[in-house]
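Residues per chain, in single letters:
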Amino acid sequence: MRKIESLTEKDLHCIARILQGCEYKDSMLYCCNYCLYQVDCLGKVEGNRKMYFFEVAREKLQNITGVYLGKDARNIAEKFLLNSYQTTSKSVFQSTHPVKGVTLSNDKEIISQN
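Just so it is clear, the model here is predicted, and its values are computed rather than measured.

**Thoughts on the nonpolar core**
So, point 1. Core analysis: the largest hydrophobic core is formed by 9 residues, namely Cys 14, Ile 15, Ile 18, Cys 32, Cys 41, Met 51, Tyr 52, Phe 53 and Ala 57.
So, point 2. For Ile 15, the residues in contact, after removing those within four places along its chain, are Leu 7, Phe 53, Ala 57 and Leu 61.

Written out as structure tokens, the structure is:
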């Protein structure tokens, strides 16, 4: 049986802080200063290891959505098209999610998982 990846509360908090920094401060990492998990994350930064967002949350979000969030900016226009409206066949009644075995309704609610 294939494990379906999910986001934890920590993942969601991290992603929300990243979005908050981008939206209100034009700095992706600005709101990390206010994160509930900053002590763990700052320890990783000081030890020259990757921050939680880059190490875990971003990859999980990419795996779940099929939207490219990697660090390689080469051919980025092509990567923007991955799992986009322009490259995904949409049915009037339902479509298949890019994660194999997940089917979505028109309003993108999960209606079945294999």
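After that view, the rundown keeps rolling.
**A few points about the pattern of salt bridges**
So, point 1. Counting across every chain of the model gives 4 salt bridges.
So, point 2. With its nearest N and O atoms 2.9 Å apart, the salt bridge here joins Asp 40 to Lys 10. On the criterion of sequence distance, the pair formed by Asp 40 in helix 2 (residues 38-46) and Lys 10 in helix 1 (residues 9-25) is long-range, its members being 30 residues apart.
So, point 3. By relative accessible area, which is 37% here, Asp 40 ends up partly exposed.
So, point 4. In this structure, the salt-bridge partner of Lys 79 is Asp 72, at a minimum N-O distance of 3.4 Å.
So, point 5. On the basis of relative accessible area, Lys 79 is assigned to the buried category, the value being 16%.
So, point 6. Residue class for Asp 72 comes out partly exposed when judged on its relative accessible area of 28%.

**Quick look at the side chain of Ser 84**
So, point 1. Inspection of the secondary structure assignment puts Ser 84 in the loop between helix 4 (76-81) and strand 1 (94-96).
So, point 2. Using a relative accessible area of 12% as the deciding quantity, one classes Ser 84 as buried.
So, point 3. A polar side-chain atom of Ser 84 sits 2.7 Å from the main-chain carbonyl oxygen of Leu 81.

What counts, and where the lines are drawn
The numbers attached to residues start from 1 for each chain and follow its sequence in the written order. Since the coordinates come from a predicted model, pLDDT governs what is reported: local features require at least 70, and pairs of side-chain atoms require 80 or more to be given and counted, while whole-chain, interface and lining totals use all residues. To obtain the side-chain values, all non-hydrogen atoms of the structure were used and water was disregarded. Here, nonpolar core means buried Ala, Val, Leu, Ile, Met, Phe, Trp, Tyr and Cys residues that are tied together by side-chain atoms lying within 4.5 Å of each other. Only protein chains enter the calculation, and the probe is 1.4 Å; a residue is then buried if its accessible area is under 20% of its type maximum, exposed if over 50%, and partly exposed in between. A contact between two residues is defined here by any heavy atoms of the two lying within 4.5 Å. Salt bridges are counted wherever a side-chain nitrogen of Lys or Arg sits within 4 Å of a carboxyl oxygen of Asp or Glu. Helix and strand assignments follow DSSP, with helices taken as H or I runs no shorter than four residues and strands as E runs no shorter than two, numbered in order from the N terminus. Between N or O atoms, a polar contact is any pair within 3.5 Å; within protein, one atom must be a potential hydrogen donor and the other a potential acceptor, and residues adjacent in sequence are included only when both atoms are from side chains.

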